[in-house]
2 protein chains.
Amino acid sequence: MAEIDRAAVLAVNQAFYTAFETADLDAMSEVWEHSDRVVCTHPGWSTLRGWGAVSASWYALFGGQARLQFILTRAQVDVRGPVAVVTLDENLIGEGSGAGSTVAALNLFVEAADGWRMIAHHGSPVADRPG
Amino acid sequence: MAEIDRAAVLAVNQAFYTAFETADLDAMSEVWEHSDRVVCTHPGWSTLRGWGAVSASWYALFGGQARLQFILTRAQVDVRGPVAVVTLDENLIGEGSGAGSTVAALNLFVEAADGWRMIAHHGSPVADRPG
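Residues numbered from 1 in each chain as written. Chains lettered and ligands numbered in written order. Predicted model: local features only at pLDDT ≥ 70, side-chain atom pairs only at ≥ 80, totals over all residues. Heavy atoms only, no water.

All right, on to the overall build of chain A then. Of regular secondary structure, chain A possesses 3 helices and 6 strands. Moving toward the C terminus, one meets the helices and strands of chain A in the order α-α-β-β-α-β-β-β-β. Its C-alpha atoms give chain A a radius of gyration of 14 Å, within 12% of the compact-globule value 14 Å for 131 residues. Considered along the principal axes of its C-alpha atoms, chain A spans approximately 45 × 35 × 25 Å. Taking all 131 residues of chain A together, 47% fall into the buried category. Counting only contacts in chain A whose residues sit at least 6 apart along the sequence, the fraction spanning at least 24 positions is 44%. Entry remark: accessible area of chain A is about 6,000 Å², with carbon and sulfur atoms responsible for 56%. (Helix = DSSP H or I, 4+ residues; strand = E, 2+ residues; numbered from the N terminus. Rg over C-alpha atoms; globule rule 2.2 N^0.38 Å. Buried < 20%, exposed > 50% of the residue type's maximum accessible area, 1.4 Å probe, protein only. Contact = heavy atoms within 4.5 Å. Areas by Shrake-Rupley, 256 points an atom, 1.4 Å probe, with all protein chains shown as cover.)

Overlaying chain A with chain B gives an RMSD of 0.0 Å, the required rotation being 180° about an axis along which the chain moves by 0.0 Å. This pairing of chains is accounted for by a two-fold axis. Closest to the rotation axis within chain A is the C-alpha of Ser124 of chain A, separated from it by 2.6 Å. (Least-squares fit on C-alpha atoms with pLDDT ≥ 70 in both.)

Here Pro82 of chain B is to be found in the loop between strand E3 (70-80) and strand E4 (83-92). Linking Pro82 of chain B and Trp51 of chain B, residues 31 residues apart in sequence, is a C-alpha distance of 20 Å.

Moving on: the pattern of salt bridges. Summed over the entire model, instances satisfying the criterion amount to 12 salt bridges over all chains. For Arg74 of chain B, the salt bridge is made with Asp89 of chain B, and the minimal N-O distance between the two is 3.7 Å. A residue pair is termed long-range when its members are at least 10 positions apart, and Arg74 of chain B in strand E3 and Asp89 of chain B in strand E4 qualify at 15 residues. On the basis of relative accessible area, Asp89 of chain B is assigned to the buried category, the value being 3%. Residues joined by salt bridges that share partners form a network here, namely Glu33 and Arg37 of chain A together with Asp78 and Arg80 of chain B. (Salt bridge = Lys/Arg side-chain N within 4 Å of Asp/Glu carboxyl O.)

This is the structure:
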């Protein structure tokens, strides 16, 4: 059961990054719980609260020219009953310059009747890439 | 019940910031779950995992000269059964210069037999203070 949950959480976590990379608002919308309680902190941003504000931020980000690509490393999943915490590094592949940057992310999911949904995403820039 | 949980979560959340401000390692230790699953992301840092690494970071931070003081604003508590998510802004009071900075924080707590324990802290610098 624990392994099934871990796999299900990782699948939704991957769906989040696929939606992010492909700038697919519908897919991003499916990942999230649609409630006033969700929170999203983009790197350098204030915390956005509620699906209205969070979805608006994805709409704005996806409308920009920049397409982001991530190499995800150091993923850790901690399932505690109906709640799962995923932490990982988002290693952004730089466009042109070659030099990327790393964002430390915490993604929080809850299990609903029809699957896991994201209720929090918090990304923060890592000042010095380790290693 | 929900209000009791909210109050209990906010009390532990406050204990975290009091321990932080007073550089009290014992008090900080009491706030956290002591397990390999806890995670802590200080602003600009990579994510630290496990109580060993997390406690070492507090030991290092508390050994420094700087004492931090926070004004906490925009606190929101979301209790979901045995898990609680607190988001807030940590407004750091600058020493001397007067200009402070704001950290967007997400604090995650789980309910143990003897009370709520922190299992994740993620703080990220806000590029522009709102307002």
